[in-house]
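# An overview of the molecular structure
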Amino acid sequence: MGIKLSPQRRGDLVGLAAVLLLLAVVLPATLDPFRLNLVSKYLAFAFVAIGVVLTWGYGGVLSLGQGLFFGLGGYMMAMFLKLEASAPELPDFMVWSSVEQLPSWWIPFHSLGWTLVGILAIPALLAYVFSYAIFKRRVSGVYFAIVTLSLALTLTVVVIGQQGDTGGANGITDFRTLLGWDIAGDAAKRTMYFIEVTAVALAMMGALLIVRSRFGKILIAIRDREDRVRFSGYNTAHMKAFVFAVAALLSAIGGAFYSLQVGLIAPGVIGVVASVEMVIYAAVGGRLSIPGAVIGALLIGFLKSYLSETFPEGWLYFLGAVFILVVWAMPNGLAGLGEKLLRRRGAEAAP
């Protein structure tokens, strides 16, 4: 006897398989190395979009500051790569800023192991502690969104102001190796692309396990009627803080891949514009769809690259128009539109 799957789980598997087929087979077979590297850059933001689906779509927690955690992951990876590229001297931007000794908080990033621990632990821990303190005071909705946006803006100002420690407005650039492996060549970038696709697949599967679990059902209940869930004895602040920490972890992983694939990290990926764009990725793909979040990141990333080249002064207006259009006409994004079409075809095909 075969195992019967619910329509939801069947849809999850179909969406996951379709996205992986696109990423692992279709795109590598059809794109040249330059375009495939651009897809790698867009995939870095797909991690953030998956986290936004978890927090906003299922948890009802809208964060406009995910660039904060994306930047933390990106900067930590870039610090390791820069120290390797500069060894045994100080990084060039420190020399230009008359820094005579490596700052103590840079020292752990001589080790790839400690760098990975930092990427996986620091953003998630900070996100949990910060959000739990906020949620415990029952701050939510637009107020929480404003607070996260303010934090992203604050970190941008700090990074730009600390030229000698962070590279300032130019960020951290000019690194080409990872443990002696040249990561700037086409063959290396292709290998890293498949590593990134594997990581995206694991992130999607982990997110699907969360939303289809008992915890996911409680999370939806919190989104819809938090007061009732709280009166039932659940610590809603802890649950929302946990899913926010998971989203921060995913964002940090995406930032680390961004540094590896693009070869630089700068304050622009932390700030207000970048953080709002990250929400648009999830909104366009579908704020209740994990595979849709990945498609949204790829689609908006491609359009952003194309429009910024063709209309350098007008592409931001386009992104704003897309967000308004999606919220007004397609509240569940492309995934919701696809589900409607499938239901309509099924109804037409039924006798």
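How each quantity is defined
For every chain, the first residue of the written sequence is number 1, and numbering continues from 1 onward in sequence order. Only residues with pLDDT of 70 or above have their local features reported here, since the model is predicted, and side-chain atom pairs are shown and tallied only from 80 upward, although totals for entire chains, interfaces and linings are computed over all residues. Excluded from the side-chain calculations are hydrogens and water; all other atoms, namely the structure's heavy atoms, are used. Counting from the N terminus, the helices are DSSP H or I runs at least four residues long and the strands are E runs at least two residues long. All radius of gyration figures rest on C-alpha atoms, and the globule criterion is 2.2 Å times the number of residues raised to 0.38. Burial classes follow relative accessibility: with a 1.4 Å probe on protein chains only, a residue under 20% of its type's maximum area counts as buried, one over 50% as exposed, and anything between as partly exposed. The pLDDT value expresses, per residue, how confident the predictor is, ranging between 0 and 100. To obtain an axis, a line is fitted to C-alpha atoms, over the contacting stretch when the element is a helix, and the angle between two such axes runs from 0 to 180 degrees between their N-to-C directions. An angle below 35 degrees is treated as roughly parallel, one above 145 as roughly antiparallel, one from 65 to 115 as roughly perpendicular, and anything else as oblique. Helix crossings get a hand from a simple test, with the near helix turned counterclockwise from the far one by less than a right angle marking a left-handed crossing and a clockwise turn marking a right-handed one. Should any heavy atoms of two residues lie within 4.5 Å, those residues are considered in contact. Note that Gly is not counted as nonpolar here; it falls among the polar residues with everything else outside the nonpolar set of Ala, Val, Leu, Ile, Met, Phe, Trp, Tyr, Cys and Pro and the charged set of Asp, Glu, Lys and Arg. A helix is expected to span 1.5 Å multiplied by its residue count minus one. We define the nonpolar core as a collection of buried residues of types Ala, Val, Leu, Ile, Met, Phe, Trp, Tyr and Cys that are connected through side-chain atoms lying within 4.5 Å of one another. Taking the helix axis as origin, the arc is that swept by the directions to the C-beta atoms. The aromatic pairing rule takes the rings of Phe, Tyr and Trp, using the six-membered ring of Trp, and pairs them if the centres are within 6.5 Å, calling planes under 30 degrees apart stacked, those over 60 edge-to-face and the rest tilted. Note on patches: the residues involved have over 30% relative accessible area and no salt bridge, like charges join within 9 Å, and the nonpolar side chains Val, Leu, Ile, Met, Phe, Trp and Tyr join within 5 Å. Only the protein chains shown count as cover for residues, and all accessible areas are computed by the Shrake-Rupley method using a 1.4 Å probe. A pairing counts as a salt bridge when a side-chain nitrogen of Lys or Arg comes within 4 Å of a carboxyl oxygen of Asp or Glu. In protein, a polar contact requires one atom able to donate a hydrogen and another able to accept it; more generally it is a pair of N or O atoms within 3.5 Å, and residues adjacent in sequence count only if both atoms are side-chain atoms.

### Here's the deal with the overall build of the protein
- Of the regular secondary structure elements, the protein holds 14 helices and four strands.
- Taking 2.2 N^0.38 as the reference for a compact globule, 351 residues should give roughly 20 Å; the C-alpha atoms of the protein span a radius of gyration of 21 Å, in line with that estimate.
- Projecting the C-alpha coordinates of the protein onto the three principal axes gives extents of approximately 75 × 50 × 50 Å.
- Burial status across the protein gives 47% buried among its 351 residues.

### What to know about the confidence of the model for the protein
- The share of residues in the protein with pLDDT of 70 or more is 92%, and the mean pLDDT across the chain is 87.
- Here helix H14 (residues 333–349) stands out as the least confident element of the protein, with mean pLDDT 61; helix H5 (residues 112–136) is the most confident, with 96.

### Considerations on the packing of helix H3 (residues 66–86) against H5
- Direction vectors running N to C along H3 and H5 enclose 165°, while the axes themselves pass 10 Å from each other. As summarised for this structure, H3 and H5 are arranged roughly antiparallel, according to the angle between their axes. The element H3 and its partner H5 pack so that their crossing is right-handed. Listed contacts from H5 to Phe 69, Leu 72, Gly 73, Met 76, Met 77 and Phe 80 of H3 are Leu 112, Thr 115, Leu 116, Gly 118, Ile 119, Ile 122, Pro 123, Leu 126 and Ala 127.
- Of the residues assigned to the contact of H3 with H5, the class counts are 12 nonpolar, three polar and no charged.

### Things to note about helix H11 (residues 272–285)
- Here H11 is 14 residues long and its end C-alpha atoms lie 21 Å apart, about the 20 Å a rise of 1.5 Å per residue gives.
- Most of H11 is tucked away: 11 of the 14 residues are buried.
- Here H11 has its buried residues at Ala 274, Ser 275, Glu 277, Met 278, Val 279, Ile 280, Tyr 281, Ala 282, Ala 283, Val 284 and Gly 285.
- At the exit of H11 stands Gly 286, carrying a positive phi of roughly 125°.

### As for the nonpolar core
- In terms of nonpolar packing, the biggest core is built from 82 residues, with Leu 23, Leu 43, Ile 50, Leu 54, Ile 172 and Val 294 touching the most fellow members.
- In terms of residue count, the dominant contributor to this core is helix H2 (residues 33–58) (17 residues).
- Among residues more than four places away in sequence, those in contact with Ile 172 are Tyr 75, Ala 78, Met 79, Lys 82, Phe 93, Trp 106, Thr 166, Leu 264 and Ile 265.
- In this structure, Leu 68, Phe 69, Phe 135 and Phe 244 belong to the second largest nonpolar core, which totals 11 residues.

### Re the packing of H3 against helix H10 (residues 236–262)
- At a closest axis distance of 7 Å, the pairing of H3 and H10 adopts a crossing angle of 40°. Relative to H10, the element H3 is oriented oblique. In this structure, the crossing between H3 and H10 has a hand that is right-handed. Taking contact as the criterion, the partners of Gln 66, Phe 69, Phe 70, Gly 73, Gly 74, Met 77, Ala 78 and Leu 81 in H3 are, on H10, Phe 244, Ala 247, Ala 248, Ser 251, Ala 252, Gly 254, Gly 255, Ala 256, Tyr 258, Ser 259 and Leu 260.
- When the residues that make up the contact of H3 with H10 are grouped by side-chain class, the tally is 12 nonpolar, seven polar and no charged.

### Section: unusual backbone geometry
- Cis geometry is adopted by the peptide bond preceding Pro 88, which originates at Ala 87 and carries an omega value of 0°.
- By secondary structure assignment, the location of Pro 88 is in the loop between H3 and helix H4 (92–96).

### Overview of helix H6 (residues 142–161)
- For H6, which comprises 20 residues, the first-to-last C-alpha distance of 29 Å matches the rise-based estimate of 28 Å (1.5 Å per residue) to within 8%.
- Buried within H6 we find Phe 144, Ala 145, Thr 148, Ala 152, Thr 156 and Val 159. Down the axis of H6, the buried side of the element spans an arc of 120°, and every buried residue falls inside it. Turned more than 90 degrees from where H6 packs its buried face, Val 142, Tyr 143, Val 157 and Gly 161 sit exposed.

### Side note on the side chain of Ser 86
- Here Ser 86 shows up in helix H3.
- Apart from the residues within four sequence positions on either side, Ser 86 is in contact with Pro 91 and Asp 92.

### Topic: the packing of aromatic side chains
- In the structure shown here, the tally under the stated rule is 14 aromatic pairs.
- Taking 5.7 Å as the distance between ring centres and 10° as the angle between the ring planes, the aromatic pair formed by Tyr 128 and Tyr 132 counts as stacked. Within this pair, Tyr 128 and its partner Tyr 132 are both found in helix H5, separated by four residues, close to a single helical turn.
- We classify Tyr 128 as partly exposed; its relative accessible area is 26%.
- With relative accessibility at 24%, the residue Tyr 132 sits in the partly exposed group.
- Taken together, the aromatic side chains of Phe 69, Phe 130, Phe 135, Phe 144 and Phe 244 make up a single cluster linked through ring pairs.

### What to know about a nonpolar patch on the surface
- A cluster of nonpolar residues, Leu 153, Val 157, Val 272 and Val 276, forms a patch on the protein surface that exposes about 290 Å² of accessible area.
- Going through the elements one at a time, H6 and H11 are the ones with two or more residues in the nonpolar patch.
- In this structure, Val 272 sits in helix H11.

### Some remarks on the side chain of Gln 261
- Relative to the helices and strands, Gln 261 resides in helix H10.
- Gln 261 sits in the buried class, given a relative accessible area of 1%.
- Look past the residues within four positions of Gln 261 in its chain and what remains in contact with it is Asn 37, Ser 40, Lys 189, Met 192, Tyr 193 and Glu 196.

### Examining the environment of Thr 30
- Take Thr 30: it is sitting in helix H1 (residues 7–30).
- Within polar-contact distance, the side chain of Thr 30 engages the backbone oxygen of Val 26 at 2.8 Å.

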